[in-house]
Structures are given as C-alpha cells and as structure tokens.
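Report on the structure
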Amino acid sequence: MARMSGVRADAVAKVPNFEEIRTAGAAIRDRVLSNLDAYLFQFEQAAQARGVIVHWAETGTDVNRIVRDIAQQNGVKKIIKSKSMLGEESSLNHYLQEAGLDVRETDLGEYILQISGETPSHIIAPAIHKSKEDVGELFERVHQMPRKHTIPEMCREARMMLRPHFLSADMGISGANFLIAETGSVVIVTNEGNGRMTTTMPRIHVAITGIEKVIPTLEDLSVLLRLLTRSATGQATSNYISMLTGVRGPNDSDGPEQMHVVIVDNHRTELLASDMREALRCIRCGACMNHCPVYEVIGGHTYGWVYPGPIGSVLTPSYVGLEKAGELPNASTLCGACAVVCPVKIPLPDLMRKLREKSFERKLRPASERLSMRLWGYVAARPKLYALATKLGARMLQWMGGEDKLIHKLPGGLKEWTNGRDMPAPSGKTFRELYAEKKAVGK
Ligand code: SF4
C-alpha cells in the first residue's frame, strides 16, 4: 500500500494544476448524475447507430440472464473475460458456468483468483493479498509445471496457458471504465492488453457496466483519464486505453461481428435518489483503499462484498442494505485520507458518518451498544463524574493486568477484543493525571 500511495504522490506532484483537474472531474461526474437519463439515452442512440445492441438490466440476476441468453442464442461454448466489478456484483462467472459455459478470466490477477477459487481483495489489483511465492506454488500445482520464482517467468507461464483460450473463444466479456454519450463508445483502461484481446478477437463482445459510467464527451474523458491513471497506479497514462465504437466494419482488420452493451442499475437509481449520490461519482481508481489505514491492516476480503475500502463501506450498505452491512461504515478511523486523495472529491468520511447516523436512527445497533453510548454520554457531560469514572476504570484495568501487565480476558461485551490477543494493561493513571505530572516536571 505504501508503494501505491508513494507512486500516486509522485505522479500528482508532477501536475501543478491537479487540484483544478480534480474539481473539473467532480463537476463532470455531478453533471452526469444530474442528467443521467438524457446521457444514457444519447449513448444508446449513438451506440445503436454503430450496430451495437444495448440491453438494460435492473438487477444482477437480469445481467446474468441477458449474458447467458446472448451466449446460448449464438451457440457460444467458450467465453474469455477481462476484469469486471459488475460481473463480481452478479456472480456472473458462477452463473455462466452453471449454464454449461466455459469461462476464462484473462486479467492476470483475476486469472490467479479464478484458479485459486478466491474473490478479489482490491478493485484494481484483485490479487494484491497474494505473495510472489503464493502464486509460484499455485501455478506449480494447477499448471503441473516446474516451479517459477520470478514474476516475469510467472507472467510468461500465465500467458502461455491463456493464449489458446484467446484464440478459441467465441465471446469476450468486459467491463467498461466509461461510456461516451456523444460517440456511443465503450472505454476500457488496462495495463495488460488482455482487455483489447478480449474485446476484439472473439466474434461477440459483451460489455457490462453500471448506469453511472456514462460521460458526455471525449473531452470529458480526457479530464477523467488524467485523474484515473495517476490516482490508481501513479501512471501518467495506462498501457492500453481502448475506445470500442461499434462492430467490425467491412474494411476493419479486427473487431467483433456482434457487440452488446448491458447497462445495469442494481440499486444505483436508489443511491442516485438518496443523500448518498456523491458516491456515484466514483471512477474506481482504488486510491481510497490504497490510503486507508484500516484497509491496510485488515485487507479487502474482510469487507465481505465486492467493493472494499472506504468506497466499499459506503457502496455496500447502500446496495445490500444497512441491516446486512451496517458494520462497514464503522470500519473507519474517519482520518479523512480517502477524501483527500479521491480524484473526484467524494466526501467519503461524511458519507460514512451519514450511514452511521442512519444506523443509529433506525436502531440497528445492538441495544447493549446503544445503552453504553447513552451512559457514556451522561458521564462525559459531567466533568467531575467523568474524572472519577476514568480514574476508577484506569485503576481497574491496571489491576486486571496482574503481574505480567497483560489482560487476557475482558468481560461481557468487550470480550471480543481479547479473543485473539492480549491487551497490554495501562499504567493505572488517567490521561489527566499523566498530563498533570508531565506539566509539573516541565515536559
Ligand atoms: S471513491 Fe474516489 S478514491 Fe475511491 S475508488 Fe472511487 S474514485 Fe477512487
């Protein structure tokens, strides 16, 4: 993570007007969100004029059904896929495999996860939780080939395994970083080139993407690309930026005979109509998780659904409900680092705070927690009582630490804290006492 934040800082430092570009990027995304229906309609018209078939999906289940139907109606047997977070939202791979289709991930990180049976832990670096040694051992076991020890050797081996699938697939599925309303283009930003092969080699290309990904013009794209690649990987530009506009023409040397774009709602209009709509500005750069001290410690899988990190703590409860994911907005120190680096200025800490308030108002927090917060509020509003209570608490914790000064088991609702580790016992003095002591000796 430190490396990711370091390269972003270097890249941003080279662009003196980066703050102005951030403001422009946020304004573009807000303009889109205020006129979403009009831009989506414009995109549909422009894409259809270039031979693209546009589908509208309300839910993840609809996405899966539409993609399966396209495959079955065209006699598809093998599908290659480049990275798509929406595919993760709807568990598309699993659904297509159940329908008897052979689906192969082609992004290196996604390929590693597919053969290890795992889910992504980061939105742009899906296998970031795996070490080089983990991947070497996995490839040796799955590929049945001698162990490789360097990253270039492993990349070569993955390329060798994937190449036959690129050549034999009937259909390619991709996500989309942006949809351009004025031209009807699907834009894909990648570093590996697999996206370009997935979208141009098979006879059918299906792009699946959320309704919020549309932007008005190519000029707007140039602003957002400057923000996206620098914020994501610290690159001035990524290795491949593909603009896919329509099906293969009579004089084109490559490209699909059929192109489909599946535009998906899956709770996004609910988010749009709520006081959390700023979250839809997101351009999926991953910078918020790269700079989040909580993500750094707990990793992406702990967030429990597709989107980890601060944006996941906002999107997941908004998409699957606060009842199911109400813990996530609490998985933050509210240090503000995510908002500082977000290229489209999403006020992530404010949104997490709003979700905490909603959770409180709807009484979704456990009764014991609400009671203890009320008790704490009562004591904290009375300075003398507060001083007495903290003094007693500090002495009690010191006593519980015993001779080894470690608390092995906290009581009641606090016991989770010591389930997996011991808590170092405090000195027995309150902050006020320590502060007074230090002040007395002039420190
Ligand atoms: S919330 Fe901002 S920083 Fe996080 S992924 Fe989205 S655009 Fe990037």
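Residues numbered from 1 in each chain as written. Predicted model: local features only at pLDDT ≥ 70, side-chain atom pairs only at ≥ 80, totals over all residues.

This paragraph deals with the overall build of the protein chain. Looking only at helices and strands, one finds 21 helices and twelve strands in the protein chain. If you line up the protein chain on its principal axes, its C-alpha atoms span 85 × 55 × 45 Å. Buried residues in the protein chain amount to 39% of all 443 residues. For the protein chain, long-range pairs separated by at least 24 residues make up 71% of all intrachain contacts whose partners lie at least 6 apart in sequence. (Helix = DSSP H or I, 4+ residues; strand = E, 2+ residues; numbered from the N terminus. Buried ≥ 20, exposed ≤ 12 C-beta atoms within 10 Å, placed from the backbone. Contact = placed C-beta atoms within 7 Å.)

A separate point is the site of the ligand. Of all residues adjacent to the ligand, which total 14 residues, the nearest are Cys-282, Cys-285, Cys-288, Ile-311 and Cys-342. When the residues that make up the shell around the ligand are grouped by side-chain class, the tally is eleven nonpolar, two polar and one charged. (Near = placed C-beta within 6 Å. Nonpolar A, V, L, I, M, F, W, Y, C, P; charged D, E, K, R; others polar.)

Now for the sheet that holds strand S1 (residues 52-57). Hydrogen bonds between backbone atoms are what pair the strands of a sheet, whose relative direction is either parallel or antiparallel. Strand order in the open sheet formed by six strands is S1-S10-S7-S4-S2-S3, with parallel pairing between adjacent strands. Of all strands in the sheet, those bounded by a partner on one side alone are S1 and strand S3 (102-105). Each strand axis lies, on average, 20° off the axis of its neighbour in the sheet, ignoring direction. (Pairing = 2+ DSSP bridges. Axes fitted to C-alpha atoms, helices over the stretch in contact; angles between N-to-C directions.)

On to the sheet that holds strand S5 (residues 178-180). The four strands lie next to each other as S8-S5-S6-S9, forming an open sheet whose pairing is mixed. In the strand order of this sheet, the two ends are held by strand S8 (214-215) and strand S9 (240-244), each with one partner. Pairing between strand S6 (residues 185-190) and S9: five bridges, direction antiparallel. By the bridge assignment for S9, Val-186 is matched with Leu-244.

What follows deals with the domain arrangement of the protein chain. What the domain assignment reports for the protein chain is domain 1 (36-216 + 247-266), domain 2 (270-361) and domain 3 (367-440). Taking the mean C-alpha position of each, domain 2 and domain 3 sit 30 Å from one another. (Domains from an automatic or database assignment.)

A few words now on the packing of helix H8 (residues 132-143) against helix H9 (residues 151-168). Running from N to C, H8 and H9 cross one another at 35°; their axes reach a closest spacing of 11 Å. Regarding H8 and H9, the two cross each other, and that crossing is left-handed. Between H8 and H9, the residues in contact are Lys-132, Val-135, Gly-136, Phe-139 and His-143 and Ile-151, Met-154, Glu-157 and Met-161, respectively. Class assignment for the residues of the contact of H8 with H9 results in five nonpolar, two polar and two charged. (Left-handed = near helix turned anticlockwise from the far one by under 90°.)

What follows concerns the environment of Gly-246. Along the chain, Gly-246 falls in the loop between S9 and strand S10 (258-264). Residue Gly-246 is classed as buried on the basis of its 20 C-beta neighbours within 10 Å.

What follows is about helix H15 (residues 309-320). For H15, which comprises twelve residues, the first-to-last C-alpha distance of 16 Å matches the rise-based estimate of 16 Å (1.5 Å per residue) to within 8%. Of all the residues in H15, the buried ones are Gly-309, Pro-310, Ile-311, Gly-312, Ser-313, Val-314, Leu-315, Thr-316, Pro-317, Ser-318 and Tyr-319. Its buried side turned inward, H15 meets helix H12 (268-272), helix H13 (287-290), helix H14 (293-298), helix H16 (322-325), helix H17 (337-341) and helix H18 (348-361). Following H15 by one or two positions, Gly-321 has its phi on the positive side, about 105°. (Expected span 1.5 Å × (residues − 1).)

Between H15 and H18, whose axes approach to 9 Å, the crossing angle comes to 40°. Our classification of the angle between H15 and H18 gives oblique. The two elements H15 and H18 cross, and the hand of that crossing is left-handed. The segment H15 lies against H18, with Pro-310, Ile-311, Ser-313, Val-314 and Pro-317 engaging Leu-348, Leu-351, Met-352 and Leu-355. Of the residues assigned to the contact of H15 with H18, the class counts are eight nonpolar, one polar and no charged. (Parallel < 35°, antiparallel > 145°, perpendicular 65-115°, else oblique.)

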